[in-house]
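Notes for the structure review
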Amino acid sequence: MGTILIAGTVVLVLLGFGNHVWWLAAAGALFLYLQYGRDASSSPSSGGGGSSGSVPATYQAYRKRRDQQAKWERRYRRERPLESRRQDRDK
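About the cut-offs
Residues numbered from 1 in each chain as written. Predicted model: local features only at pLDDT ≥ 70, side-chain atom pairs only at ≥ 80, totals over all residues. Heavy atoms only, no water. Helix = DSSP H or I, 4+ residues; strand = E, 2+ residues; numbered from the N terminus. Contact = heavy atoms within 4.5 Å. Phe/Tyr/Trp six-rings, centres within 6.5 Å; stacked < 30°, edge-to-face > 60°. Buried < 20%, exposed > 50% of the residue type's maximum accessible area, 1.4 Å probe, protein only. Salt bridge = Lys/Arg side-chain N within 4 Å of Asp/Glu carboxyl O.

1. Describing the side chain of T9
By secondary structure assignment, the location of T9 is in helix 1 (residues 2-15). When sequence neighbours within four positions are dropped, the list of residues in contact with T9 reads A26 and L30.

Pasting the structure below:
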């Protein structure tokens, strides 16, 4: 996503030598990406389930996610003891 944005910005800047409105469009695109694009791609989705493989932005977010995962695993073991024993045996 970042590469596409950089290429688009370069094109808009080059077009801006003929019409300065394109420079404003390039600045606006960079601003929107820095404001929303980077944050949206680094944070997990709100309805996401399982491990998405993304790295949390802060240590507090990591701890919150880790504690939530441990809570789910304890609940799963409590509600499905036979299945959890079978999974432990297969490991």
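Next comes the rest of the description.
2. A word on the packing of aromatic side chains
If you walk through the whole model with that rule in mind, you get two aromatic pairs. Measuring from ring centre to ring centre gives 5.8 Å for Y59 and Y62, while their planes differ by 35°; the resulting arrangement is tilted. Of this pair, Y59 and Y62 both sit in helix 3 (residues 59-79), separated by three residues, roughly a single helical turn. You can call Y62 partly exposed: its relative accessible area is 37%.

3. With respect to the pattern of salt bridges
Under the criterion given, the structure shown has six salt bridges. Note that R66 and D67 form a salt bridge whose closest N and O atoms lie 3.8 Å from each other. Among the residues examined, R66 registers a relative accessible area of 38% and is labelled partly exposed. Note on D67: relative accessible area 41%, which makes it partly exposed. Residue D88 is joined to R77 by a salt bridge in which the shortest nitrogen-to-oxygen separation is 2.9 Å. Linking D88 in helix 4 (residues 81-90) with R77 in helix 3, this pair joins segments that are 11 residues apart in sequence. For D88, a relative accessible area of 38% translates into the label partly exposed. Through salt bridges with shared partners, a single network forms among R75, E79 and R80.

These figures come from the coordinates and say nothing about function on their own.
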